[in-house]
Each structure stands twice: as structure tokens, then as C-alpha cells.
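Chain by chain, the residues run as shown.
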Amino acid sequence: MNKKTIRDIDLAGKRVLVRVDYNVSLLNGIRVGDDTRIRQTLPTLEYLLSKNCKLFLVSHLGRPKGKKVEEFSLKPVAEHLSKVLDKKVELFQEKIGSKELLTRVSQAKEGSVNMLENIRYYAEEESNDEVFAKKLAQVAEVFVNDAFGVGHRAHASTVGVAKYLPAVAGFLLEKEVDIISKSIEDPKKPMVAIIGGAKAETKITLVDRLLEKADVLIVGGGVANTFLKAWGYEVGKSLVDHEMVELAKKLFWKASRSKTRMLLPTDVVLGDLEKNIHNGVVAGDKISKDMQALDIGPRTQAEFGAAIAGAGTIIWNGPMGVYEDSRYATGTDFVYHAIAENKESLSIVGGGDTLAALKEKDFLKTIDHVSTGGGAMLEFIETGTLAGIEALLDK
Ligand code: ADP
Ligand code: MG
């Protein structure tokens, strides 16, 4: 990456503000569920501790919408980190900008790990307020961004604060950027991209971009319905983004002129979620008016699977069906197993729902890179950078 990282500056004994993405799910609101996002930041934290830094971690949790809402306190996260690090982690609840906070900060010891309370308790965070960013900057002498997952957000704790402190990347941010850039710009061929999920609106620009980069572009899930509709097929009551149908037609034209092979479902699993009707598999051009296409069918699995089996690089975002209902999780499972079976390839998977769909599996072992970013990963693939990365010092 062409930005400075923690390796490139003097950190010895310094106060360091570290933006992390600890927006994890809580069990019963009190215990950390999946802690992958926390564990992925450990190399950065351990490196900073080896330099005797005083750490001040900043994160958001949930959507408190600018207010102090107890259920979004980072307390359980601080407790969990304390266990993982086997070290005390203090949660500072003093207000950002207050004398009380600065006093506590000044008393922090070298090698101590401290966490500020949920940064989204402040409305100024998301509005990237300059005065607020400046107050946040007062806490430290160096700013480290290790929050790839919020890299696409220009907030006070990701972009604003970087104006007032020497700002560098942590190891997780660097790793995400390096591995995703390489897979897009210099992939082991053939490169197979798999796009699924719900909203065509948020994914269609990605389809556009990947038509230039991928050798095979697989489109499944709800996004595929918009393309089936654009092709002229009946899609019944399936999830379709009507405003995107015209753009999908243009992308068919683009695909026909590009070297990228685009694969769409040739059969689907039908049902009606509201009426709880399950109606089995039909060909992609036989969707009845009163039904929804809720998963890819077996023939499509075989076609997608063959492409995945021959891939040198695989990038996947978005489930192939309504995986929350086990009757429509088969396509997503199949794609996962196909990726896991291709041991020669470099595989990258990201997206909140995509990872949730794989939660029960041993996915960390079989997938080369599990991105901590959903939206951030997509935006990074589309544009090659993120607001949070741009704000850092150049190498
Ligand atoms: P991610 O969070 O991994 O980026 P998305 O949020 O884009 O993924 O998409 C996940 C959602 O897509 C899931 O809630 C799933 O039910 C839905 N989905 C997938 N396929 C379909 C489909 N055929 N019809 C309706 N919804 C679908
Ligand atoms: Mg999602």
C-alpha cells in the first residue's frame, strides 16, 4: 500500500489513538459473540505495545444515533479484549473534549490499553465535525487507522482526526488493502467474482467494475433477479430492483463486448415467503407470476461450481439465496464448499450476511482472506481506495 503504516514512524512510548472496528454482535446484549474483528486487530495492538505505547482505542458499536444509549456501551467489548490480551483494558467514559478525559489520558501508563466509549454516542462523529475531530485528536500524539470495515465512511474518527495528527495504517488495514488490491489488479488467472445478496442498487456498480476485471462473473441471489428481468424473463414476485433493470440491460451489452463470461442462474428454487409455500425447482425462464425465486437451483450450482473449480482467484460477496431459511440456504452452502474444495486458488470473502451464512462452518481455515469489511470491501473493489485510506500519510 502506498500509505505510511505503523512500521514507518517513531512510536516509542507515545500516546496512540487507534481506530478499530469492534462493531461486533453481542449475545443477550452483554457478551461478545463472534470476536473475529477483535482478534484481527491483535497484531497491531501487540506491535504498539512492544513499542511501549499508551493505547487509546476508538470504535463504534451499533447505531446509537448520536446519543448515549446504554445498550450500545463498549463495556462488554472492553471486557472481552481484556480476556483476549490477558491485560487490563480501561473503558474511559469521560466525554470527549472534557478536562476529566484529558486528565485520565495524561495519567495513562506506557503499555496500557484504554478504550474510549462508543464514538457514535456523539452526533459529531458521523457529521465529521471539525471541532470534535480536533478534540478527539487531543487524546494522542499519533493516529492509527486499523478499521478497514469503516474505511468507506468519512467520519471524525476515520478521516477528520487524521488532519490533526500524524496518521498511519495499522497491520489489518494494510493487509486488507494489499490482498484485495492484488486480487483485483494482479490476480492469478482465471479470476472468478461471485456477486449475490439482496440489493441490486448497491451491487450493480460492482458488477460493472468486475466486467472489466474478472474472467468469469457469477451473479446469483436477489441481484440475479434484476438481471433475469432485464433479459426479458418473468420473475413473478421475486425481489427485483426495478430502477436498476435498465442499467442491467446495459451491462448485458457491456458483457457481450468484454472478455468476461457472465453466469446467471439457469434454474431457481421457487417459494412464497409470506405464505410459507415451498414450490421446488424450475428453469430460470419458467418462474410463475405468483412465486419468488429464493435460491439458485441444482443445475446452476453445477455451472457455478465448475467455474469456481477452475479459478485461480475467487472473490465472493453476497449469499446465493435467502439463507436465513434453511430451505433456501443450499445454493450458498454449495458455493462455499466449491470454494473450499479449490485449494489452489486465492479466495477472498466479505460481507456481513455472507459471513453470517458461513458462521457455522470452519470458514477461516479454508478461505484465504475473510475481509472485515462488507460495504468497505465493495467500495474498495469499485474505486481502488477509501476515504479513510486517503486521509493517511503518503509513503
Ligand atoms: P452482504 O451483507 O454479505 O453484503 P447482502 O446484505 O447484500 O449481503 O444480502 C444478504 C441478503 O440477501 C440476505 O438477507 C438474503 O436473504 C438476501 N437474498 C439472497 N438471495 C435472495 C433472493 N433470491 N431473494 C430475496 N432475498 C435474497
Ligand atoms: Mg448485508
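Look above for the structure.
Parameters and conventions
- Residues numbered from 1 in each chain as written.
- Chains lettered and ligands numbered in written order.
- Predicted model: local features only at pLDDT ≥ 70, side-chain atom pairs only at ≥ 80, totals over all residues.
- Heavy atoms only, no water.
- Buried < 20%, exposed > 50% of the residue type's maximum accessible area, 1.4 Å probe, protein only.
- Helix = DSSP H or I, 4+ residues; strand = E, 2+ residues; numbered from the N terminus.
- Pairing = 2+ DSSP bridges.
- 1 Å grid on protein atoms, 1.4 Å probe; cavity = no way out; pocket = protein on both sides within 12 Å on 5 of 7 lines; lining within 4 Å.
- Points joined across faces, edges and corners; volume = space filled by probe spheres on them.
- Nonpolar A, V, L, I, M, F, W, Y, C, P; charged D, E, K, R; others polar.
- Core = buried A, V, L, I, M, F, W, Y, C linked by side-chain atoms within 4.5 Å.
- Domains from an automatic or database assignment.
- Contact = heavy atoms within 4.5 Å.

Engineer: Would you mind showing me how to read the pairing of strand β7 (residues 142-145) here?
Structural biologist: Side chains Val142 and Val144 of β7 all project onto a buried face; the interleaved residues Phe143 and Asn145 project onto the opposite face, where all are buried too. Two strands pair when backbone bridges link them, and strand β1 (residues 15-19) and β7 are joined in this way by four bridges, in the parallel orientation. Following the sheet pairing, Arg19 is matched in β7 by Asn145. Here β7 runs beside strand β8 (residues 167-169); their pairing, made up of three bridges, is parallel. Bridging from a neighbouring strand, Val144 pairs with Val168 of β8.

Engineer: How do you make sense of empty space enclosed by the protein when you look at a structure like this?
Structural biologist: Empty pockets left among the atoms are what a rolling probe the size of a water molecule brings to light. All chains considered together, the criterion is met by one cavity of 30 Å³ or more. Lining the largest cavity, in full, are Asp21, Arg37, Thr41, Asp146, Phe148, Gly149, Leu172 and Thr372. Taken together, the residues of the lining of the largest cavity sort by class into two nonpolar, three polar and three charged.

Engineer: Is there a simple way to explain the nonpolar core in this structure?
Structural biologist: As a rule of thumb, nonpolar side chains are buried together in soluble globular proteins. Grouped together as the largest cluster of nonpolar side chains are 73 residues, with contacts concentrated most on Leu17, Phe148 and Phe227. Per-element tally for this core: the top contributor is helix α8 (residues 200-213), with six residues. There are two domains that each give this core at least three residues, and those are domain 1 (6-175) and domain 2 (187-382). Look past the residues within four positions of Leu17 in its chain and what remains in contact with it is Phe56, Val58, Leu116, Leu136, Val139, Ala140, Val142, Phe143, Val144 and Val161. Grouped together as the second largest cluster of nonpolar side chains are 30 residues, Tyr22, Val32, Leu61 and Leu85 included.

Engineer: What is the right way to look at unusual backbone geometry in this model?
Structural biologist: Cis geometry marks the peptide bond from Lys189 to Pro190, where omega comes out at -10°. Structurally, Pro190 is set in the loop between α7 (171-185) and β9 (191-195). You will see that Asn28, though not glycine, has its phi angle at about 55°, which is positive. As for its placement among the helices and strands, Asn28 is situated in the loop between β2 (26-27) and β3 (31-32). Residue class for Asn28 comes out exposed when judged on its relative accessible area of 73%. Notably, Asn128 is not glycine yet its phi reads approximately 50°, a positive angle.

Read these as geometric descriptors, not functional statements.
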